[in-house]
Amino acid sequence: MKSLLIKSAIASGIVLSLATATRPVMASSFTVSIEQDVELSNLVNYHVQNFDAQIQGSSPTGFTWTDAGTKIGSYTNTLIENADQYGGAGGTGRYFDVDTSRSGNGQTVSTLNLTTAQNYFGLWWSAGDDSNALTFLSKGVVVETITTADVVKYIAGLANKATYYGNPNSAFKGQDNNEPFAFINFYDVAGTFDQVQFSNIDKNGNISGTGFESDNHTVATGYKSITGNVVTRAVPESSSLFAVFVIGFVGATSVMTRRVNKKSVLQLS
C-alpha cells in the first residue's frame, strides 16, 4: 500500500510527507453545518480573524494571529486579497485565499497553527468550489479531512438554493452567481485539533485551477449546541489516500495548473 501511495504521488508530481500521513477518522468525528452567518453566542472562548489588518499579497512566512494581546495562532504560506466579487465578508476589507496561480509563489497549502486546542472552526466560504479542502490535525496527526463537495451537493438540493448563489454583499451584489456563498461550521464532536490546513485539490489529489476563498475564520474551545443546517457527508474508503495528498502538497513540485476564470455576471432581478 505504501509503495502504491508513493507511486501515485510521484505520478502527480507531488512530494509527500509520509511521516505525517495517517488515516483520518471517519465522518462521525466531525459535524458540518451551514448557515448565513456564525452564531457567536453559541460559541465558548471564541476568536475571529477577519484578515482586514493583513497586508495584501502572498507571504510564505504568513503572520501571527493575536486577539487583545493573546496569541491565538499563526498562519503560514498565506495569500490575502482585497474584497472583490469572490470574497470579503461584508464586501469590504480583505480575505484569505488559497490559489496556486494568483499567489505567484506556488502556494498549494496554507496552514493555521493554533496555540490552544480547539473543537470548533468556522469560516465564511465564498465563491465556493467542491475542491476546497480542510485537514484538521492534533499534535501532528490527521483527525479529519473534509472537502466542500458535500456542501455544494447539499446546497444544490435545497428548495431555496438560489439564495446561496452569487455574492450577497451590496458592493458586489449578485456577482459570481454561478458559485455558492455560505458560512460553514466544523464541530469536532470527538475531540480537539490544533492545526488546520487549507488546500484546493480535486478528488484525485491534483491541484485545482480554482481558488479557495474564505473570510472570518472563527475558532472556539467549545460550543453549546450545533447550529445551522447539518450537511450529510459521504466519506469514501479513499479518504485516507486523499489525506496523504493534502499533507504532501507542502513543498510540492507539481506543474501549476491554470486558474479557471470565474464569471462576473450581475444577477438580474
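A short tour of the structure in this document, coming up. Predicted model only: the values in this text are computed from it and were never measured.

1. Concerning the environment of Q85
- Its location among the elements puts Q85 in the loop between β6 (78-82) and β7 (94-98).
- Taking relative accessible area as the criterion, Q85 reaches 15% and is therefore assigned buried.
- Expressed as a C-alpha distance, the spacing of Q85 and Q175, which sit 90 residues apart in the sequence, is 5.8 Å.

2. Remarks on the nonpolar core
- Counting residues in hydrophobic clusters, the biggest one holds 33 residues, and the most contacted among them are F121, L134, F136, F186 and F198.
- Of all hydrophobic cores here, the second largest spans 12 residues; its members include V38, A89, W124 and F181.

3. Topic: the pairing of strand β9 (residues 120-126)
- Judged by how many residues are buried, β9 sits mostly within the fold: 7 of 7 residues are covered.
- Side chains of β9 alternate between two faces, with Y120, G122, W124 and S126 and F121, L123 and W125 buried alike.
- The sheet contact formed by β9 and strand β12 (residues 182-188) spans 6 bridges and is antiparallel. Bridge pairing in β12 links L123 to I184.
- Relative to strand β14 (residues 212-223), β9 is paired through 6 bridges, and the arrangement is antiparallel. Note on β14: the bridge partner recorded for F121 is V219.

4. Thoughts on the side chain of T227
- Along the chain, T227 falls in the loop between β14 and β15 (229-231).
- The class for T227 is buried, based on a relative accessible area of 16%.
- Engagement of the side chain of T227 in a polar contact is seen with the side chain of E35, the distance being 3.0 Å.

5. Section: the environment of G91
- Inspection of the secondary structure assignment puts G91 in the loop between β6 and β7.
- Judged by its relative accessible area of 9%, G91 is buried.
- Spatially, the C-alpha atom of G91 lies 8.9 Å from that of K173, the residues being 82 residues apart in sequence.
- Beyond its immediate chain neighbours, meaning those up to four positions away, G91 contacts A83, N169, A171 and F172.

6. A look at the packing of aromatic side chains
- Within the structure shown, the criterion is met by 18 aromatic pairs.
- Seen from their ring centres, W65 and Y75 are 6.1 Å apart, and the 25° between their planes marks the pair as stacked. With W65 in strand β4 (residues 63-67) and Y75 in strand β5 (residues 70-76), this residue pair connects regions lying 10 residues apart in the sequence.
- For W65, a relative accessible area of 1% gives the class buried.
- On the basis of an interplanar angle of 65° and a centroid distance of 4.7 Å, the ring pair of Y187 and Y223 is categorised as edge-to-face. Of this pair, Y187 sits in strand β12 while Y223 sits in strand β14, placing them 36 residues apart in sequence.
- The class for Y187 is buried, based on a relative accessible area of 1%.

7. Concerning a nonpolar patch on the surface
- A cluster of nonpolar side chains, L40, Y46 and V48, forms an exposed patch at the surface whose accessible area comes to about 210 Å².
- Structurally, L40 can be placed in the loop between β1 (30-35) and β2 (43-49).
- For L40, a relative accessible area of 30% corresponds to the partly exposed category.

8. Considerations on the side chain of E81
- Among the structural elements, E81 can be located in strand β6.
- Classification of E81 as buried rests on a relative accessible area of 9%.
- A polar contact of 3.3 Å, which involves the side chain of E81, links it to the side chain of Q56.
- With residues near it in sequence (within four places) discarded, E81 still touches Q56, G93, R94, Y95, D97 and R102.

9. Focus on the pattern of salt bridges
- For the coordinates displayed, the defined rule picks out 1 salt bridge.
- With a shortest N-O distance of 3.4 Å, R233 and E144 are connected by a salt bridge. Here R233 is found in the loop between β15 and α4 (239-248), whereas its partner E144 is found in strand β11 (residues 141-147), with 89 residues between them in sequence. You'll find R233 and E144 in the same group, each marked buried.

Rules and cut-offs
Position numbers for residues count from 1 along each chain, tracking the sequence in the order it is written. Two thresholds apply to this predicted model, a pLDDT of at least 70 for residue-level local features and 80 or more for giving and counting side-chain atom pairs, whereas whole-chain, interface and lining totals are computed over all residues. Note that the side-chain values use all heavy atoms of the structure and ignore hydrogens as well as water. Helix and strand labels come from DSSP, where a helix needs a run of H or I of at least four residues and a strand needs a run of E of at least two; each type is numbered from the N terminus. Note on exposure labels: buried denotes an accessible area under 20% of the residue type's maximum, exposed denotes more than 50%, and partly exposed covers the range between, all computed with a 1.4 Å probe on protein chains only. Buried residues of nine kinds, namely Ala, Val, Leu, Ile, Met, Phe, Trp, Tyr and Cys, make up a nonpolar core once their side-chain atoms join them within 4.5 Å. For two strands to pair, DSSP has to find at least two bridges joining them. N or O atoms closer than or at 3.5 Å make up a polar contact, with two conditions inside protein: a donor-capable atom paired with an acceptor-capable one, and, for residues adjacent in sequence, both atoms drawn from side chains. Whether two residues are in contact is decided by their heavy atoms, any of which lying within 4.5 Å being enough. In this scheme Phe, Tyr and Trp rings, the latter by its six-membered ring, pair at centre separations within 6.5 Å, and the angle between planes marks the pair as stacked below 30 degrees, edge-to-face above 60, and tilted otherwise. Here a patch means residues that are over 30% exposed by relative accessible area and free of salt bridges, tied together within 9 Å if like-charged and within 5 Å if nonpolar (Val, Leu, Ile, Met, Phe, Trp, Tyr). Areas reported here follow the Shrake-Rupley algorithm with a probe of radius 1.4 Å; residue values treat only the protein chains shown as occluding. Only one rule defines a salt bridge in this text: a Lys or Arg side-chain nitrogen within 4 Å of an Asp or Glu carboxyl oxygen.

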